[in-house]
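# Notes for the structure review
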Amino acid sequence: MNTQRLVLTGELENDELCFKEAAGFIKRGGNVTFPTETVYGLGANALDAGAVAKIFEAKKRPTWDPLIIHISSLEMFRTLIKSAPPVLDVLINHFMPGPLTVILPKSENVPNETCAGLSSVAIRMPAHPVALRLIELSGTPIAAPSANLFGRTSPTTAAHVLADLDGRIDAILDGGPTDVGIESTVLDLTATIPTIVRPGGITKEQLEGVIGEVILLDPTKPISENEVFAPGMMHKHYAPNATVILTEGTNEALSQTIREVLQAGKKVGVLLPDQWQIPDNVLSVSWGTWRDQKMLSHTLFSGLRFLDQQNIDTIIVPQPDANGLGLAIVDRLRKAAYKSQEAAE
Ligand code: TXA
Ligand code: MG
């Protein structure tokens, strides 16, 4: 399959053509990757089981892992759900469009393939003009997982998408790098108390500020001990090819680990907070200011992907505090490192 590049330039004529072509693919049951404010998504008509099947195939994603449906209006939202608790209105007012996905009982309009046979559906309205326009022009809700091969780091640029999926998808709508850099928060509203099944761009603190108590599923617990099953909670995910080692969030702890890994004869790369000191001969990529969680989120996946291309054995990363956006950052880092812990045990 020849993957068509549709590059948005800001020139009206070019961009009109790109959107028209992209929407054409969606309407004909094909798939298109597109930017959202979080990461790039691999989209297809959410109401067309055949189109959705091609997403799973392109990503090599197991069919038991349900997709998020992206909408551009509240009218579209209503057609996808059977019912909603009153708290939904509050969430819509505060966080939509934005990096929040809600899980609700699904309506019969949604094919089982999109939701992996579950009776619930995950929905979000992205805060990105390109994503919203594509959905609107396609005239249908768009199912879209992150546009990476299953288990790999989510893409925040068109180049990341092509590294994983070139030749496996119909087209890519290139709208530049994404802003947030990590995926949306997935909030289950079918649970008795709203439950975060994946931390992301909207923080637990922000949610609690407007809807009160929110439960956080503990991804370190076995799935059977958690109230809700969330397929995305698998331990290994976001995995670079290199081994990932996490350290405590201090310059001293980072330097100590670097010395140990170098002594073991490994080639090392570091995701390095600005102003932190490490030995000169060690490869690093700038991660941004340590206390600036937005910046750390924004560069996390691109930093990991960059390091993974540098022919090194080990990526070493200090862990930020697990509050605010730090919770989602730590979640992604632990999953990226899981393979490595397993191998070490
Ligand atoms: O920011 C994002 O959310 C990006 C952009 C493209 O919108 N999308 C994304 O999709 O990260 P994906 O497929 O990579 O992750 C969706 C997560 C998965 O962990 C999936 O298991 C979970 O949401 N999910 C989807 N539907 C669900 C449902 N009905 N119940 C529980 N979990 C669900
Ligand atoms: Mg994903």
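Since this is a predicted model, take the numbers as computed values, not measurements. (Residues numbered from 1 in each chain as written. Chains lettered and ligands numbered in written order. Predicted model: local features only at pLDDT ≥ 70, side-chain atom pairs only at ≥ 80, totals over all residues. Heavy atoms only, no water.)

## Remarks on the overall build of the chain
Spelled out, the test is: Here a helix means four or more residues in a row that DSSP labels H or I, a strand means two or more in a row labelled E, and each is numbered from the N terminus. For a compact globule the rule gives 2.2 Å times the number of residues to the power 0.38, and the radius of gyration it is set against comes from C-alpha atoms. For every residue, the accessible area (1.4 Å probe, protein chains only) is compared with the maximum for its type, and the residue is labelled buried under 20%, exposed over 50%, or partly exposed between those bounds. Shrake-Rupley sampling with a 1.4 Å probe provides the accessible areas, and residues are treated as covered by the protein chains on show and by no other component. Working convention for charge: Lys and Arg count positive, Asp and Glu count negative, and His plus the chain ends are omitted. Where a charge lies is defined by one atom per residue type: Lys uses NZ, Arg uses CZ, Asp uses CG and Glu uses CD.
Per the secondary structure count, the chain includes ten helices and 15 strands. By the compact-globule yardstick of 20 Å for 345 residues, the chain fits well, its C-alpha radius of gyration being 20 Å. Taking the principal axes of its C-alpha atoms as reference, the chain extends roughly 60 × 45 × 35 Å. Per-residue burial over the chain gives 56% buried out of 345 residues. Accessible area for the chain stands at about 14900 Å²; split by element, carbon and sulfur atoms hold 50% of it. Charge-centre separation for the chain: the mean point of 29 positive side chains lies 4 Å from the mean point of 39 negative side chains.

## Focus on the site of ligand 1
Rules: For this description, a residue counts as near a given molecule or strand if any of its non-hydrogen atoms is within 4 Å of it. Any N or O atom pair separated by 3.5 Å or less is treated as a polar contact, with the protein-specific requirement of one donor-capable and one acceptor-capable atom, and with residues adjacent in sequence counted only for side-chain atom pairs. Throughout, the ten residues Ala, Val, Leu, Ile, Met, Phe, Trp, Tyr, Cys and Pro are labelled nonpolar, Asp, Glu, Lys and Arg are labelled charged, and all others, Gly among them, are labelled polar.
As a structural note, the neighbourhood of ligand 1 is formed by 24 residues, with Thr 38, Asp 65, His 70, Ser 184 and Arg 198 the closest of them. In this structure, His 70 approaches ligand 1 through a side-chain N or O atom, which is 2.6 Å from an oxygen atom. Within the complex, 96% of the 680 Å² of free accessible area of ligand 1 lies under protein. Of all the elements in the fold, those that place two or more residues in the shell around ligand 1 are β3 (40–45), β4 (68–70) and β6 (120–124). With three residues, the top contributor of residues to the shell around ligand 1 is β6. When its residues are assigned to classes, the shell around ligand 1 shows twelve nonpolar, seven polar and five charged.

## Overview of the side chain of Asp 164
What counts is decided by this rule: The contact criterion used throughout is that any non-hydrogen atoms of two residues lie within 4.5 Å.
Counting through the fold element by element, Asp 164 comes out in helix α6 (residues 158–165). Its relative accessible area of 12% is what places Asp 164 among the buried residues. A polar contact is formed between the side chain of Asp 164 and the side chain of Arg 305, at a distance of 3.2 Å. For Asp 164, the contacting residues outside a window of four places in its chain are Asn 148, Leu 149, Arg 152 and Arg 305.

## What about the packing of helix α4 (residues 87–95) against helix α7 (residues 204–211)?
Convention followed: Angles run from 0 to 180 degrees between N-to-C directions of axes, and those axes are lines fitted to C-alpha atoms, restricted for helices to the stretch in contact. In what follows, roughly perpendicular refers to angles from 65 to 115 degrees, roughly parallel to angles under 35, roughly antiparallel to angles over 145, and oblique to any angle outside these ranges. Note: crossing handedness is left-handed where the near helix turns anticlockwise from the far helix by less than a right angle, and right-handed where it turns clockwise.
Two elements in contact, α4 and α7, have axes whose closest approach is 10 Å; the angle formed by their N-to-C orientations is 125°. Considering their axes alone, α4 and α7 lie oblique with respect to each other. The element α4 and its partner α7 pack so that their crossing is right-handed. Of α7, the residues touching α4 (which contributes Val 87, Val 90, Leu 91, His 94 and Phe 95) are Gln 206, Leu 207, Val 210 and Ile 211. Classifying every residue of the contact of α4 with α7 by side-chain character gives seven nonpolar, two polar and no charged.

## Re the nonpolar core
Soluble, globular proteins show a tendency: their nonpolar side chains are buried together. Worth spelling out the cut-off: Among buried residues, the Ala, Val, Leu, Ile, Met, Phe, Trp, Tyr and Cys ones that are joined through side-chain atoms within 4.5 Å form a nonpolar core.
If you look at the biggest cluster of nonpolar residues, it comprises 62 residues, and the most contacted ones within it are Phe 77, Leu 91, Leu 100, Val 102, Leu 173, Leu 187 and Leu 207. Broken down by element, this core gets its largest block of residues, six residues, from helix α1 (residues 12–27). Beyond its immediate stretch of four places on either side in the chain, Val 102 contacts Phe 77, Leu 88, Leu 91, Met 96, Val 121, Ala 122, Ile 123, Leu 187 and Leu 189. Counting residues in each nonpolar core, the second largest holds 34 residues, with Ala 242, Ile 278, Trp 290 and Val 317 among its members.

## Let's talk about α1
Counted only if it meets this: One fewer than the residue count of a helix, multiplied by 1.5 Å, yields its expected span.
Compared with the 22 Å implied by 1.5 Å per residue over 16 residues, the 22 Å span of α1 between its first and last C-alpha is a close match. Buried within α1 we find Asp 15, Cys 18, Phe 19, Ala 22, Ala 23, Gly 24, Phe 25 and Ile 26. In this structure, the buried residues of α1 make contact with β1 (4–7), β2 (32–35), β3, α5 (129–138), β7 (142–143) and β8 (171–174). Phi turns positive, to about 85°, at Gly 29, one or two residues after α1.

## Things to note about helix α9 (residues 293–308)
Threshold: A residue's bend is given by the angle between axes fitted to the 7 residues ending at it and the 7 residues starting at it.
Taking 1.5 Å per residue as the helical rise, α9 with its 16 residues ought to reach 22 Å, and the 22 Å between its terminal C-alpha atoms agrees with that figure. The largest bend along α9 reaches roughly 40° and is located at Leu 300. Residues of α9 that are buried: Leu 296, Ser 297, Thr 299, Leu 300, Phe 301, Gly 303, Leu 304, Arg 305 and Leu 307.

## Considering the pattern of salt bridges
Put simply, the rule is: Whenever Lys or Arg places a side-chain nitrogen within 4 Å of a carboxyl oxygen from Asp or Glu, that contact is recorded as a salt bridge.
Counting across every chain of the model gives ten salt bridges. With a shortest N-O distance of 3.0 Å, Glu 16 and Arg 133 are connected by a salt bridge. Placement of Glu 16 in helix α1 and of Arg 133 in helix α5 is noted, with a sequence separation of 117 residues between them. On the basis of relative accessible area, Arg 133 is assigned to the partly exposed category, the value being 30%. Close ionic contact of Glu 183 with Arg 332 constitutes a salt bridge, the shortest N to O distance being 2.8 Å. Separated by 149 residues along the polypeptide, Glu 183 in the loop between β8 and β9 (185–188) and Arg 332 in helix α10 (residues 326–344) bring together distant segments of the chain. The pair Glu 183 / Arg 332 is uniform in exposure class, with both members buried.

## Digging into the sheet that holds β1
What counts, and what does not: Any two strands are treated as partners once DSSP identifies two or more bridges connecting them.
Across the sheet, which stays open at both edges, the eleven strands sit in the order β1-β8-β2-β3-β7-β4-β6-β5-β9-β10-β11 with mixed pairing between neighbours. On the outer flanks of this sheet lie β1 and β11 (215–216), each paired with one strand and no other. In terms of strand pairing, strand β10 (residues 195–198) meets β11 through two bridges, oriented parallel. The partner of Ile 196 across the bridge, within β11, is Leu 216. The sheet contacts of α7 involve β5 (100–105), β9, β10 and β11, and relative to β9 the element is tilted by about 40°.

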